[in-house]
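Fold and contact review
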Amino acid sequence: MMTRTSLAGMAACALLLGACAAKPAIQTPVLVQTPPRVVVVADPQLTELLAYQSALRLMTPSELVKAQLDLAKADHAPSNTIRRAMLQATVRGTGDLARAQALLEPLATAKDGQLLAPLAQLLSSQYAELRRQDESIDKLNAQLRDAQRRNEQLNEKLEALKNIERSLSVRPAAGAPK
């Protein structure tokens, strides 16, 4: 009897354990949204301005001067204003980046949704960053000159101390017979 009871108990336990077994998880499909495709239609005016910027980087100083003279004769259309700013930034003389930013400011803040406003904003922010970098470089160069000057002064003092030490008479060693 004990064996039948034992077998029945074991069968019950097996059934209970079988019921507790994890059911396979049902996978639900996940919807993945892909971002919409952005089709950029290149505006010929923007394409021409970007090509002009690339060409400026390859020009010699004499070619840059000629380009400045040519642009001085051109009208004050927004695209020519951007060309002037690009040229000023490429020349990079004293204050040229500030002048380039000043040229771009009216175009960058245009309220009429002008096509060139984003380009003007981008160029203006790049020129502002270049100005900050130039100021930082100037400050670091000034610090370097000061450090070099202090270094030279310390070397001069060290040489003077060495000369004084050499000019002193040689003293006899302590404990040496007199």
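Residues numbered from 1 in each chain as written. Predicted model: local features only at pLDDT ≥ 70, side-chain atom pairs only at ≥ 80, totals over all residues. Heavy atoms only, no water.

1. Section: the nonpolar core
Operational definition: The criterion is simple. A nonpolar core is a set of buried Ala, Val, Leu, Ile, Met, Phe, Trp, Tyr and Cys residues joined through side-chain atoms within 4.5 Å. Exposure is judged per residue with a 1.4 Å probe applied to protein chains only, and the accessible area is read against the type maximum: over 50% gives exposed, under 20% gives buried, and values in between give partly exposed. Each helix is a run of DSSP H or I of at least 4 residues and each strand a run of E of at least 2, with the numbering of both proceeding from the N terminus. Whether two residues touch is decided by their heavy atoms; if any such pair falls within 4.5 Å, the residues are in contact.
Residues Tyr 52, Ile 82, Met 86, Leu 87, Leu 104, Leu 123 and Tyr 127 are the most contacted members of the largest nonpolar core, which totals 21 residues. Only helix H2 (44-58), helix H3 (61-73), helix H4 (78-91), helix H5 (96-108) and helix H6 (117-167) provide two or more residues apiece to this core. Look past the residues within four positions of Met 86 in its chain and what remains in contact with it is Leu 49, Tyr 52, Gln 53, Leu 56, Leu 123 and Tyr 127.

2. Quick word on unusual backbone geometry
Phi angles above zero are rare outside glycine, and Arg 92 is one such case at about 55 degrees. Following the sequence through the fold, Arg 92 ends up in the loop between H4 and H5. Given the relative accessible area of 37%, Arg 92 is considered partly exposed.

3. Quick look at H2
Stated precisely, the cut-off is as follows: The length a helix should cover is 1.5 Å for every residue beyond the first. As used here, the arc is the angular range of directions from the helix axis to the C-beta atoms. The term polar contact refers here to a pair of N or O atoms within 3.5 Å; inside protein, the definition further demands a hydrogen-donor-capable atom paired with an acceptor-capable atom, and it admits residues adjacent in sequence only when both atoms are side-chain atoms.
Between the first and last C-alpha of H2 there are 21 Å, a value that for 15 residues agrees with the 21 Å anticipated at 1.5 Å per step. Every buried residue of H2 is listed here: Leu 49, Tyr 52 and Leu 56. Buried positions in H2, seen along its axis, are confined to an arc of 55 degrees and lie on one side of it. Those residues of H2 that are exposed and aimed more than 90 degrees away from the buried face are Pro 44, Arg 57 and Leu 58. Packing partners of the buried residues in H2 comprise H3, H4 and H6. In this structure Asp 43 caps H2, since a side-chain oxygen of it lies 2.8 Å from the backbone nitrogen of Gln 45.

4. What to know about the packing of aromatic side chains
Stated precisely, the cut-off is as follows: Centres within 6.5 Å make a pair out of two Phe, Tyr or Trp rings, where for Trp the six-membered ring is used; the pair is then stacked when the planes are under 30 degrees apart, edge-to-face when over 60, and tilted otherwise. Comment: the charge-over-ring label is applied if NZ (Lys) or CZ (Arg) is within 6 Å of the ring centre and within 35 degrees of the ring normal.
Tallied over the entire structure, the rule returns zero aromatic pairs. In this arrangement the basic side chain of Arg 83 is found over the ring face of Tyr 52, its NZ or CZ atom lying 5.8 Å from the centre.

5. Some words on H5
An ideal rise of 1.5 Å per residue puts 18 Å on 13 residues; H5 measures up with 18 Å between its terminal C-alpha atoms. Three or more residues of H5 are buried, namely Asp 96, Leu 97, Ala 100, Gln 101, Leu 104, Leu 107 and Ala 108. On its buried side, H5 packs onto H4 and H6.

6. Brief notes about the packing of H3 against H4
Cut-off, in case you're wondering: Fitted lines through C-alpha atoms give the axes, limited to the stretch in contact for helices. The angle between two N-to-C directions lies from 0 to 180 degrees. By the definition adopted for this analysis, an angle is roughly parallel if under 35 degrees, roughly antiparallel if over 145, roughly perpendicular if from 65 to 115, and oblique otherwise. Left-handed describes a crossing whose near helix is turned anticlockwise from the far helix through less than a right angle; right-handed describes the clockwise counterpart. Polar here means any residue outside two lists: the nonpolar Ala, Val, Leu, Ile, Met, Phe, Trp, Tyr, Cys and Pro, and the charged Asp, Glu, Lys and Arg; Gly therefore counts as polar.
For the pair H3 and H4, interaxial distance at closest approach is 11 Å and the crossing angle is 155 degrees. For the element pair H3 / H4, the angle class is roughly antiparallel. Crossing of H3 against H4: the hand is left-handed. Contacts between H3 and H4 involve Leu 64, Ala 67, Gln 68 and Leu 71 from the first element and Asn 80, Arg 83, Arg 84, Leu 87, Gln 88, Thr 90 and Val 91 from the second. Residue composition of the contact of H3 with H4, by class: five nonpolar, four polar and two charged.

7. Focus: the side chain of Gln 88
Examined against the element boundaries, Gln 88 turns out to sit in helix H4. In this structure Gln 88 comes out as buried when scored by relative accessible area, which is 18%. Gln 88 has contacts with Gln 68, Asp 96, Arg 99, Ala 100 and Leu 103, leaving out every residue within four places of it along the chain.

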